Amino acid sequence: MAPGAPSVLSLELLPTDPLLLILSFLDYRDLMSCCCLSRRLNQLSSHDPLWKRHCKKYWLISEEEKSQRNQSWKAVFISTYSDLGRYIRYYATLKKAWDDLEKYLGQRCPRMISSLKESVREEDLDAVEAQIGCKLPDDYRCSFRIHNGQKLVVPGLMGSMALSNHYRSEDLLDIDTAAGGFQQRLGLKQCLPLTFCIHTGLSQYMALESVEGRNKYEIFYQLANVPVVTGGYPIIRDQIFRYVHDKECVATTGDITVSVSTSFLPELSSVHPPHYFFTYRIRIEMSKDALPEKACQLDSRYWRITNAKGDVEEVQGPGVVGEFPIISPGRVYEYTSCTTFSTTSGYMEGYYTFHCLYYKEKFFNVTIPRFHMVCPTFKVSTARMVSGDAVVTISQQQ
C-alpha cells in the first residue's frame, strides 16, 4: 500500500460481533449464499441464533418443537425447507390460521377438533394432480400439508344454518374426496369441489382453468357465493352458524339493545324466477345494570320492508315467531326468521312494542335497526348460456 493511502478494511477483518449483526439482517437466501463466499463467512453464517429467527418467521417453529427434533436451528430450517420449501410464501400465514382455528374450536366447539384430518404428503398431492390433469394452486396444496380437510361429519367446519325445517352444515373436503368430485360436465368444467353439504348437496368449487367465463382459481358456489367462515360467526349449540353481523347494526332504546345478523341462503334462492332468500337472527338484550322493575314482555312487532326498487311492505303482528319473550336485567333473547325479495337486495327496519311487568298499563316501543340484505354479485356461466340451460352460476367477486 502506498504511503498516505487510506487503509481498506476487509470484510474478513471485521470483528465477529459486527459481522453477526450484519448477517442478522439478511434473508435466508442471502444467508445461505454467504456460506459459499469464504471460510469465515461460512462459519459465521452457520451461527445458530441467526437461523432461529428464520425458523420462527417462516415455519413457526417453537423452542419446544426444536428441542424435540434435537437439531440445531439451521438444521431445522434446512430440513423443513427441503419438505415445504415451495410453500415458504404461504406456510406461516396458513399455519397460523389453522393454529388459531384449532384454538378457537378447542374453546368453543371442542367436538369439531376430532373431525380434522392429519396432513398429507407431497407425493399424495402430486398424485391428485396427475389424476385430475390440472395443477392445484400452491396455497391450496400448502393447507393440505397442515390439515387434510375434515371427515364428512356434522357439524361441518365451513358453517351451519338451521331455519324451520331447513338445515345445512358444510364440510371442508379432504383432497381425495375433492379429487373424486372433480367436474368435467357442462357448466362446471375443470372445477374442483372444496366443500360439501350432506343435507343440500351444495358445494363450493374452485375453477382450475379459465374456462366457461370463470377466472383461473376463482372460488364460487354452483348457485351462489357465500363468504367463508370467520371469527365473527356465532356459536350456537356447539356449531358455527354462518350469520354476518354488521357492528353498526345495533340500536339501543333505554335499557334494551337490539342487534341483527343476516345470511343469504343460495340453496333456497333462484335467479329465474327471481327469488332471493335471506335469514336473519335478532338478539334482544336488557342491560344487566337496569333496575328490576324495568322487566318487560314483548307484545308485538312492526316491520317496514323495502326492496331494491323502493317497493315497501308493512307487516304488523303479535309476538315474534309465535313467542312473547320476557326481558329482564341481564337477560338475552334471540330468534331467527326469514324473508325473500324479488330483487337482489333490500332492507328491513321497525320496532317492537313491550309492556312493563310491574306497570302493566305502560307500553313502549323498542327500535329495530335498519339492516340490509344483499345477494352477492352474480354472472351467467357462458357454457350454460350457449346450451340454453336456465341454471345460473353466481360466482365470487374478488
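About the criteria used
- Starting afresh in each chain, residues are numbered from 1 along the sequence in its written order.
- The model is predicted, so local features are restricted to residues of pLDDT at least 70 and side-chain atom pairs to those at 80 or more, both for listing and for counting; the totals for chains, interfaces and linings are taken over all residues.
- Values reported for side chains reflect all heavy atoms of the structure, with hydrogen atoms and water molecules removed beforehand.
- Throughout, exposure labels follow a simple rule: accessible area from a 1.4 Å probe, protein chains only, divided by the maximum for the residue type, with under 20% read as buried, over 50% as exposed, and the rest as partly exposed.
- Put simply, DSSP marks the helices as runs of H or I at least four residues long and the strands as runs of E at least two long, and each gets a number from the N terminus on.
- One bridge is not enough; two strands pair if DSSP finds at least two bridges between them.
- Between the rings of Phe, Tyr and Trp (Trp by its six-membered ring), a pair exists once the centres lie within 6.5 Å; its type follows the angle of the planes, with under 30 degrees stacked, over 60 edge-to-face, and the other angles tilted.
- Each patch is built from salt-bridge-free residues with over 30% relative accessible area, joining like charges within 9 Å and nonpolar side chains (Val, Leu, Ile, Met, Phe, Trp, Tyr) within 5 Å.
- Every accessible area reported is derived by Shrake-Rupley at a probe size of 1.4 Å, with residue values counting cover from the shown protein chains alone.
- Only one rule defines a salt bridge in this text: a Lys or Arg side-chain nitrogen within 4 Å of an Asp or Glu carboxyl oxygen.
- Angles here are taken between N-to-C directions and fall from 0 to 180 degrees, while the axes themselves are lines fitted to C-alpha atoms, restricted in helices to the stretch in contact.

A few points about the pairing of strand β5 (residues 204-207)
Item 1. Alternating residues of β5 divide into Q204 and M206 and Y205 and A207, and every residue in both groups is buried.
Item 2. Direction of pairing for strand β3 (residues 191-193) relative to β5: antiparallel, over a ladder of three bridges. The residue bridging C191 from the neighbouring strand is A207, located in β5.
Item 3. Strand direction decides the pairing type here: β5 and strand β6 (residues 219-221), joined by three bridges, are antiparallel. Paired with Y205 across the two strands is F220, which belongs to β6.

Thoughts on the packing of aromatic side chains
Item 1. Overall, the coordinates contain 18 aromatic pairs when judged by the stated rule.
Item 2. Between F278 and F341 the ring centres are 5.9 Å apart and the planes differ by 70°, which places this aromatic pair in the edge-to-face class. Of this pair, F278 sits in strand β11 (residues 276-286) while F341 sits in strand β15 (residues 332-341), and the two are 63 residues apart along the sequence. Across this residue pair, the class does not change: F278 and F341 are buried.
Item 3. An aromatic cluster is present here, built from Y28, W51, Y58, W59, F77, Y81 and Y91 joined pairwise through their rings.

Structural notes on a nonpolar patch on the surface
Item 1. On the surface, L152, V154 and I198 cluster together into a nonpolar patch covering about 240 Å² of accessible area.
Item 2. Within the secondary structure layout, V154 lies in the loop between α10 (138-144) and β1 (160-163).

Re the sheet that holds strand β4 (residues 195-197)
Item 1. One open sheet holds the three strands; their spatial order is β1-β2-β4, and the pairing between them is antiparallel. What marks the edges here is a single partner per strand, and that holds for β1 and β4. Strand-to-strand twist of the sheet, defined as the mean angle between neighbouring strand axes without regard to direction, takes the value 15°.
Item 2. As paired strands, strand β2 (residues 166-172) and β4 are joined by three bridges and run antiparallel to one another. Bridge pairing links D171 to F196 in β4.

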